[in-house]
Protein chains: 2
Amino acid sequence: MIPTITTFGWVPEFARGFVRDLRPRWAFEEVGQCYRVDLIADSKSPEHRRLQPFGQVPTYRDDEVAIFESGAIVLRIAERAGQLIPAKPARRMRALQWLAAALSSVEPYVMALAVNDIFEADREWSNARHAKVVGDLKTRLADLEAVFGDNVWLDGDEFTVGDLMMISVLSELRGNAELAHFPLLSAYTRRGESRPAFRKAMADQWATFKAPAAS
Amino acid sequence: MIPTITTFGWVPEFARGFVRDLRPRWAFEEVGQCYRVDLIADSKSPEHRRLQPFGQVPTYRDDEVAIFESGAIVLRIAERAGQLIPAKPARRMRALQWLAAALSSVEPYVMALAVNDIFEADREWSNARHAKVVGDLKTRLADLEAVFGDNVWLDGDEFTVGDLMMISVLSELRGNAELAHFPLLSAYTRRGESRPAFRKAMADQWATFKAPAAS
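Residues numbered from 1 in each chain as written. Chains lettered and ligands numbered in written order. Predicted model: local features only at pLDDT ≥ 70, side-chain atom pairs only at ≥ 80, totals over all residues.

Engineer: Residue-level account of the interface of chain B and chain A, with values.
Structural biologist: In this assembly, 37 residues from chain B lie in contact with 36 residues from chain A. Listed by contribution, the elements that provide at least two residues to the side of chain B that touches chain A are strand E4 (66-68), helix H3 (70-81), helix H4 (89-119) and helix H5 (126-145) of chain B. At 13 residues, H4 of chain B tops the list of elements feeding residues into the side of chain B that touches chain A. For the side of chain B that touches chain A, the per-class residue count stands at 21 nonpolar, five polar and eleven charged. (Contact = placed C-beta atoms within 7 Å. Helix = DSSP H or I, 4+ residues; strand = E, 2+ residues; numbered from the N terminus. Nonpolar A, V, L, I, M, F, W, Y, C, P; charged D, E, K, R; others polar.)

Engineer: How would you summarise unusual backbone geometry if you had to cite specific residues and measurements?
Structural biologist: Residues Val 57 of chain A and Pro 58 of chain A are joined by a peptide bond in cis, for which omega reads 0 degrees. Position of Pro 58 of chain A relative to the elements: it lies in the loop between helix H2 (46-51) and strand E3 (59-61). The phi angle at Glu 69 of chain B is positive, at roughly 80 degrees, despite the residue not being glycine. Take Glu 69 of chain B: it is sitting in the loop between E4 and H3. Classification of Glu 69 of chain B by C-beta neighbours within 10 Å gives buried; the count is 28. Phi is positive for Leu 84 of chain B, which is not a glycine, with a value near 70 degrees. Mapped onto the fold, Leu 84 of chain B is located in the loop between H3 and H4. (Buried ≥ 20, exposed ≤ 12 C-beta atoms within 10 Å, placed from the backbone.)

Engineer: Account for the sheet that holds strand E1 (residues 4-8) of chain B, naming residues and giving values.
Structural biologist: Pairing between sheet strands relies on hydrogen bonds along the backbone, with the strands arranged either parallel or antiparallel. Residue and element names in this part refer to chain B. Read from one edge of the open sheet, four strands run E2-E1-E3-E4, paired in mixed fashion. The sheet terminates laterally at strand E2 (36-40) and E4, the two strands that pair on one side only. Averaged over neighbouring strand pairs, the angle between their axes works out to 25 degrees when direction is ignored. Summarising the sheet, E1 and strand E3 (residues 59-61) pair through three bridges and their orientation is antiparallel. By the bridge assignment for E3, Thr 4 is matched with Arg 61. (Pairing = 2+ DSSP bridges. Axes fitted to C-alpha atoms, helices over the stretch in contact; angles between N-to-C directions.)

Engineer: Could you give me a rundown of the environment of Asp 143 of chain B, with the residues and numbers involved?
Structural biologist: Inspection of the secondary structure puts Asp 143 of chain B in helix H5. The residues contacting Asp 143 of chain B, other than those within four sequence positions of it, are Pro 53, Phe 54 and Gly 55 of chain A.

Engineer: How would you summarise H5 of chain B if you had to cite specific residues and measurements?
Structural biologist: Residue and element names in this part refer to chain B. Here H5 spans 27 Å end to end across 20 residues, near enough to the 28 Å set by a 1.5 Å rise per residue. What H5 keeps buried is the set Arg 129, Leu 137, Leu 141 and Leu 144. For H5, the angular spread of the buried residues around the axis is 115 degrees, confining them to a single face. Exposed side of H5, more than 90 degrees from the buried face: Ala 131 and Gly 135 are the residues found there. In this structure, the buried side of H5 is in contact with H4 and helix H7 (183-193). (Expected span 1.5 Å × (residues − 1). Arc of directions from axis to C-beta.)

Here you go:
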């Protein structure tokens, strides 16, 4: 079977370009693997929760494996293709370290800002708390900025799953002023977003919402 | 060389038993791998930041690999030992899926509660926001509770890195009333905490703080 991901057939306008299927789409494009997309209308349905207990997207399936979690899915796509993960243990584990860092050490701060400014925008604490949330995020971004010297990617010249995940997370700050304070990180993010595979993945996510919604 | 982790020689009382070195310690004990611990006094020093750019612990080193991020470290310990990760692709990827779920889909909600109730306790929004943060966490815990039927571990009878990481995260809710609302999850967490390897790891973390502080 052709590897298949599940994602939303429709999302509100503010979420377009931010749905997590971007990550497996990008990985598929990088490794040159064709894939199918199953569009769903309701991620909280009992049927979908059998694939994804938290009622989220994406999920992934191939002829051997059925999983959720974008971090695990991207790893599966990369390992199955024998690409995006270096073979030597030292470099391999650094690629996985950066994938974990994107998910554990950076994304929670990016999400905290979205939670405060979007999902808690109507709560009485949202305005007062904004500066604290931005401050915590900027501390993380400054730490990451300091990693880059002449590096093109996180671990030198080779683009890995670690970069794919880190740039996916940083790219979610588009439309937000904070990333611009960090010139090396901004350039790194733009470098990732300029890759043909990223652009194709993003265009394909957007194309979904221009098609008729899934029933 | 003997695999070596870096962690704190001293932490404030509220953090004891919660330092992330518990995760590699537990993995080492599960696979029967002896290890060394380098104690540091200042995780924000330039020297330590060369190992861990965010100025956190733990870091890990063996004769081939030097990494940070507890998710990647636990994976390395498991892969190096050929334990805690099933060999067959379907089960292997589900173990990695649950490891990713612990870090991406559960830990941010556990941490959000700690951030609100401990690190933002003196902010004007902390009391008002508490119920929202608890509500978000309970939604996640309820979703996870629904995964368990007769399962002993997340994917059946075999304890994997996915369980090690999920229980590490859930165990951080000890001293908190929320987990008790979910009987299957509570029993699962206690089952993990009862493993000899977890108990040894926890005892060894506590023993550090009874020894003289690192200079």
